[in-house]
Structures are given as C-alpha cells and as structure tokens.
Amino acid sequence: MIDYVSDRIGLTDQQKHDETRQGEAYAPFSDDPNLYKKRFFIESYGCAMNFADSEVVASILNNNGFGATKILEEADLILINTCSIREKAELTIRKRLTEFRSLKQKKKGLLVGVLGCMAERLKSKLLEEEKLVDIVVGPDAYRSLPSLVEEAETGQKAVNVLLSRDETYGDISPVRLNSNGVTAFVSIMRGCNNMCSFCVVPFTRGRERSRSAESIIAECKDLFEQGFREVTLLGQNVDSYYFQDEQNEITVTFAMLLEKVALISPLLRVRFSTSHPKDITDEVLFTIAKYENVCNYIHLPVQSGSTRILQLMNRTYTREWYMAKIDRIKEIIPDCGISADIITGFCTEEDSDHKDTLSIMKYANYHYAYMYYYSERPGTLAQKRYTDDVPLETKKNRLYEVVALQNKLSLESNERDLGKSFKILIEGDSKKSDTDWMGRSSQGKVFVFPKEDYKFEKGDYAFVEAISCTQGTLLGKIIK
Ligand code: SAH
Ligand code: SF4
Ligand code: F3S
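Residues numbered from 1 in each chain as written. Chains lettered and ligands numbered in written order. Predicted model: local features only at pLDDT ≥ 70, side-chain atom pairs only at ≥ 80, totals over all residues. Heavy atoms only, no water.

**What about the domain arrangement of the protein chain?**
Accessible area lost on assembly of the parts is the figure often given for the size of an interface.
Here is step 1 of the chain: Split into domains, the protein chain comes out as domain 1 (13-160), domain 2 (183-416) and domain 3 (421-478).
Here is step 2 of the chain: Distance between the C-alpha centres of domain 1 and domain 2: 28 Å.
Here is step 3 of the chain: Each partner contributes to the interface: domain 1 provides 21 residues, whereas domain 2 provides 22 residues.
Here is step 4 of the chain: Summed over the shared surface of domain 1 and domain 2, the number is five salt bridges.
Here is step 5 of the chain: The tally of links from domain 1 across to domain 2 stands at eight residue pairs in polar contact (both at pLDDT 80 or more).
Here is step 6 of the chain: At the level of secondary structure, the elements contributing two or more residues to the side of domain 1 that touches domain 2 comprise helix H1 (13-19), helix H2 (48-62), helix H3 (87-106) and helix H4 (116-122).
Here is step 7 of the chain: Among the elements that make up the side of domain 1 that touches domain 2, the one with the highest residue count is H2 (six residues).
Here is step 8 of the chain: Of the residues contributing to the side of domain 1 that touches domain 2, the split by class is eight nonpolar, four polar and nine charged. (Domains from an automatic or database assignment. Contact = heavy atoms within 4.5 Å. Salt bridge = Lys/Arg side-chain N within 4 Å of Asp/Glu carboxyl O. Polar contact = N/O pair within 3.5 Å; in protein donor to acceptor, adjacent residues only side chain to side chain. Helix = DSSP H or I, 4+ residues; strand = E, 2+ residues; numbered from the N terminus. Nonpolar A, V, L, I, M, F, W, Y, C, P; charged D, E, K, R; others polar.)

Here it is as structure tokens:
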C-alpha cells in the first residue's frame, strides 16, 4: 500500500538508494578529538545541489579548524542544510530542529545552524520561529560561516542570507562526505533564471551563474586521480551553462563542457542533471552520442502533459514541443534512458489535463520518474496569481495513478533489458549482501549481481547480463 501522506512517492530501488542519502550523517575527517577546535555534524536534505553544497561547507569549516563528526552527541556545532521545495520538506526539517533543541538544552555551548533554501526563504524569521537556532546562512553565504560561528559564540544570533550574482565557490575543493569513493557530484552552476510558477528555487538560490570551466575540469581530474569513476555535473538548468572568461576570449557552452569532462579519461563516466526541455540542444545530444563515457541518460522533467497547465506553470514549452524533444533524443541516442519529474494537481488541473500527463508518460516511456503532488509555496508566482483549487484528495488520487502507471512502465522497461548485457560501473557491495555487487548501467539502472570468483573491485567496470528484474532493480550475472 502506498503511503498517501508522503508528497513524494518513492518509485524504484534506484530512487530508494538515492533517497537513503537524505539526512545521513557524514564521515569524520579524523578520529583524533584533539586535532580540531570544534566538531561539527552536518545533515543534508533536498536536491543533489544541497548535498554538493554541504561538501563545500565542510571544506570551508575544515580549513578553519573544524572537524566533522558523524556522532550527533559529539558535535559542538550542528548544521542542517535545508530544502523548501515542498511544504513536507520544511515540516521534516522543523521536526528535526525540535530534536536538536533537546540536545541543546542538555549541552551548554552547543550551536545549531540552519543552512540552505529554508534559511534563505525564512531569513531571520527562522530565528523567531525556532528560538533555539543560533545561525542562519543562505546558499551564497557559506564563506562567512566561520565568522558567524564566532559571532554566535558570543551569544548573538548570526544571520547571513545575502544572495550573490557571482559566488560559485569555484576555488573551493569540496570535502567528499559519506562518499562511496566511486561517484561524486560536481556543481557547475548555481541559481536559476527560470520562473516556473510553482517553484521556490529562484527565490532561495538567486540568479543563475556558471562556474569557471577550468575549475570544473580541475575538480573532475582531481576526482579521477583519487580513484573516482563517475561525476555528475549539477545545475538547476545545466543546458544554460555558459562561461566566458574576463577577456571574452574563451566561451564554453554546456556541450563543450561535457566534451571537456569526457576527455579527461574514457574510464570516467559523466552524468548531468537537470536538463530543461526548452534548453537541451542537439549539440548536447550529439556529444552524449559521441562519447561512450557520457552516460546515455537524460533526466527531462515534464511536470505536466497538458499544454494549458504547462503554460500556467510557465514552463515555456508545449506538450508537442516536449514530445518532439523525446523523439529527437531517441533518434540521436537510441538506447537513452529517460526519466522525469511530474507534478499532479497543479492549479486548475482537470481530469482531461491529468489524462494528458498519463498519455505523455506512455509516449516518453520513462524508465523512472520522480512524482509529487502540487504543494503551494509562499512567494511563488503560482501562489500570487492562482488559487490552489484542486482538493488534496484529488491531487493524491492523481498521484497514485501516475505512480501506478510509472511502476508498470519501469517494470516493462527492465523486462526489455533481460537477456542483454550491460557495462556496469561497480559502486560497492549490494545493500543486502556482501557477496553481491551493486552498480549502474550507462542508462542509470541499478544492477545487483553475484561477485563469484571474479577479481573485481569497486570502481571497476564489469559486463553483466540481465537475468531477472523487479521494477527497480535488475539482477544479473557477470559475463566478463
Ligand atoms: N531544476 C530542476 C528541478 C527543481 S526541483 C528542474 O527544473 O527540473 C525538483 C522537482 O520538484 C521539480 O522538477 C518539480 O517536479 C518538483 N517541484 C518543484 N516545486 C514544487 C511544488 N511547489 N510542488 C510540488 N512539486 C514541486
Ligand atoms: Fe525551479 Fe523551474 Fe528553475 Fe527548475 S527550472 S529550479 S523547476 S524554476
Ligand atoms: Fe530544495 Fe533548494 Fe534543492 S529548495 S530541491 S534544496 S535548490
């Protein structure tokens, strides 16, 4: 039975795997308690950008004499990197803050800091609402964290929620937290200039800006040299990546960047997220097709299959435009894995609009999807302009239908793979058994297969035949 209370219904094992990252504590840099003046504990919620940001924060703190701990009770500074995307996300964080509150009452001098999108959205209001929070820092102000901690130590409330037009943290080497040593996120840009009417991100993350290509390549090379074998280039809208150096001599587009990263080594897989249907270019598709190590996988959020709703959402494409993009992807990269984000019950959505969403899902034949029901967010265009008029019950029922359809599409997609062989990047032991490996295909599908007597290690590539499947995982057998 699906939990209707959740606003986001987990679909595949792959997603469950991704979601286990949420809220996990991070590995310490050193076990020696005397090495650092203070120890911090950081917990992250929300999208991959937030997880990548926590690695930047860890680096800033580390360079200022702080050490990480994954034991909450050991921390002198608790940081929570927050998400505002849906109401449920904020409620989860509020609940966690009440847990920190009781720790704070027990431990004198313990500081609690709120980072990320909820910090940006609520600013100092957060300090009034959550009395025991000491520090509030928005996504563009992480460099000021060490001085804010000092301020908070003197008993003052410390806030910095200034958004920046140029901060990219390009010069900071993120400290890889909780890493499997094989896959890593690399932030290539920040902010978002799109104004999807339902979305809070442009308000919490500010204007779009691209990080220098040079610093991105250097970070990817460094990761490869450390043994990492996959990088995911991150931005809210990667296709609008555009970097121009100060002399206007060098211009780098996303397709060019993708190529540069691909050329680091054929052994380094490259993924990226997220593409906007209006911006993804043929050039990007041809680059994916040209380089074997650029994964054949595109996350192309559709949000709705109805042109009328897409217009209200300010997505700036129509149903037909989106379908033509899907056709183009399939033409240029025939075995491309495609996934999407879908929202049910947006303002004024009728049954006929909902049917359009179901039919576009079938048309695109997504191999998986992230699905949500609409949650009105304060300050967004939709909140200002439209009435959130679809009853919750209807939103949830439509979400249930969307999930049921996607489960079917995912299972069929996996069944089509049976008997075929795939090049799998081994990420580590499977969750259930250390005699099995877990890895992913280029299309991003999760494979689990027995180690047998082969001498593979994590970070190696294995050719695996798909033998059986569920909707979320393919079970396989090594063929070489
Ligand atoms: N920049 C990315 C993703 C941003 S947020 C993009 O453009 O696709 C991730 C997903 O959360 C969105 O794609 C959307 O499906 C969902 N989302 C955003 N705001 C929402 C809201 N108010 N209610 C429900 N889902 C929302
Ligand atoms: Fe939000 Fe739209 Fe920007 Fe994505 S592209 S972050 S959905 S405004
Ligand atoms: Fe959430 Fe902010 Fe990401 S609102 S989805 S953490 S950009």
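Back to the write-up after that little detour.
**Points about the nonpolar core**
The tendency in soluble globular proteins is for nonpolar side chains to be buried as a group.
Here is step 1 of the chain: Counting 73 residues, the largest nonpolar core has Leu233, Phe254, Leu257 and Ile298 as the members making the most contacts within it.
Here is step 2 of the chain: When near neighbours in sequence (up to four residues on either side) are disregarded, Leu233 contacts Val186, Ile188, Cys220, Val238, Phe254, Leu257, Leu258, Val261, Val270, Arg271, Phe272 and Ser273.
Here is step 3 of the chain: By size, the runner-up hydrophobic cluster in this structure holds 26 residues, among which are Ile42, Val56, Leu61 and Leu111. (Core = buried A, V, L, I, M, F, W, Y, C linked by side-chain atoms within 4.5 Å. Buried < 20%, exposed > 50% of the residue type's maximum accessible area, 1.4 Å probe, protein only.)

**Things to note about the site of ligand 3**
Here is step 1 of the chain: Lining the immediate environment of ligand 3, one finds Cys47, Asn50, Thr82, Cys83, Ser84, Ile85, Cys117, Val201, Arg205 and Gln236.
Here is step 2 of the chain: The residue makeup of the shell around ligand 3, split by class, is five nonpolar, four polar and one charged.
Here is step 3 of the chain: Both domains that furnish three or more residues to the shell around ligand 3 are identified here as domain 1 (13-160) and domain 2 (183-416). (Near = heavy atom within 4 Å.)

**Quick word on the site of ligand 1**
Here is step 1 of the chain: Taken together, 15 residues are adjacent to ligand 1, and Phe198, Gln236, Gln303, Asp341 and Ser375 come closest.
Here is step 2 of the chain: Measuring from a nitrogen atom of ligand 1, one finds a backbone N or O atom of Phe198 at 3.0 Å.
Here is step 3 of the chain: Bound to the protein, ligand 1 loses 91% of the 540 Å² it would expose on its own.
Here is step 4 of the chain: For the shell around ligand 1, the secondary-structure elements that each account for two or more residues are strand E15 (337-344) and strand E16 (368-373).
Here is step 5 of the chain: In terms of residue class, the shell around ligand 1 is made up of seven nonpolar, four polar and four charged. (Areas by Shrake-Rupley, 256 points an atom, 1.4 Å probe, with all protein chains shown as cover.)

**Quick look at the pairing of strand E21 (residues 473-478)**
Here is step 1 of the chain: Here three bridges tie strand E19 (residues 446-450) to E21, and the two strands are oriented parallel to one another. Counterpart to Val446 in the pairing with E21 is Thr473.
Here is step 2 of the chain: The sheet contact formed by strand E20 (residues 461-469) and E21 spans five bridges and is antiparallel. Bridge pairing in E21 links Glu465 to Lys477.
Here is step 3 of the chain: Between E20 and E21, which pair antiparallel and follow one another directly, the connecting turn spans three residues. (Pairing = 2+ DSSP bridges.)

**Quick word on the packing of aromatic side chains**
Here is step 1 of the chain: What the rule picks out here adds up to 10 aromatic pairs.
Here is step 2 of the chain: Residues Phe254 and Phe272 carry aromatic rings whose centres are separated by 5.2 Å and whose planes lie at 75° to one another, so their mutual orientation is edge-to-face. Pair noted here: Phe254 is in helix H9 (residues 254-262) and Phe272 is in strand E13 (residues 269-273), with a separation of 18 residues, a long-range link.
Here is step 3 of the chain: Each ring, one from Phe346 and one from Tyr386, has its centre 6.3 Å from the other, and the planes form 85°; the classification is edge-to-face. Here Tyr386 lies in the loop between helix H14 (381-385) and helix H15 (392-417) and Phe346 lies in the loop between E15 and helix H13 (351-364), a separation of 40 residues in the sequence.
Here is step 4 of the chain: Classification of Phe346 as buried rests on a relative accessible area of 0%.
Here is step 5 of the chain: One Lys or Arg, Lys451, reaches over the ring of Trp437 and ends 4.2 Å from the middle of that ring.
Here is step 6 of the chain: Lying over the aromatic face of Phe463, Lys480 brings its terminal NZ or CZ to 4.6 Å of the ring centre. (Phe/Tyr/Trp six-rings, centres within 6.5 Å; stacked < 30°, edge-to-face > 60°. Lys NZ or Arg CZ within 6 Å of the ring centre and 35° of its normal.)

**Looking at the packing of helix H10 (residues 282-290) against helix H12 (residues 319-332)**
Helix-helix packing is described using two parameters, namely the angle between the two axes and the distance between the axes.
Here is step 1 of the chain: At their nearest, the axes of H10 and H12 sit 9 Å apart, and the two run at 30° to each other. One finds that H10 runs roughly parallel with respect to H12. The element H10 and its partner H12 pack so that their crossing is right-handed. Of the residues in H12, those in contact with Asp282, Leu285, Phe286 and Ala289 of H10 are Arg328, Ile329 and Ile332.
Here is step 2 of the chain: Residues of the contact of H10 with H12, tallied by class, amount to five nonpolar, no polar and two charged. (Axes fitted to C-alpha atoms, helices over the stretch in contact; angles between N-to-C directions. Parallel < 35°, antiparallel > 145°, perpendicular 65-115°, else oblique. Left-handed = near helix turned anticlockwise from the far one by under 90°.)

**Remarks on the pattern of salt bridges**
Here is step 1 of the chain: Taken as a whole and assessed by the stated rule, the structure comprises 35 salt bridges.
Here is step 2 of the chain: A salt bridge links Glu130 to Arg101; the nearest nitrogen and oxygen atoms lie 2.7 Å apart. Of this pair, Glu130 sits in the loop between helix H5 (125-129) and strand E5 (135-137) while Arg101 sits in helix H3; the two residues are 29 residues apart in sequence, bridging distant segments of the chain.
Here is step 3 of the chain: Since its relative accessible area comes to 6%, Glu130 is described here as buried.
Here is step 4 of the chain: Within this structure, Asp53, Asp140, Arg190, Arg205 and Arg209 form a network of salt bridges that share partners.

**What about the pairing of E15?**
Here is step 1 of the chain: With eight of its eight residues buried, E15 lies for the most part within the structure.
Here is step 2 of the chain: The pairing of E15 with E16 spans six bridges and is parallel. Directly across from Asp341, in E16, lies its bridge partner Tyr370.
Here is step 3 of the chain: One crossover worth recording links E15 to the parallel E16 by way of H13, and it is right-handed. (Right-handed = clockwise from strand over helix to strand, strands pointing away.)

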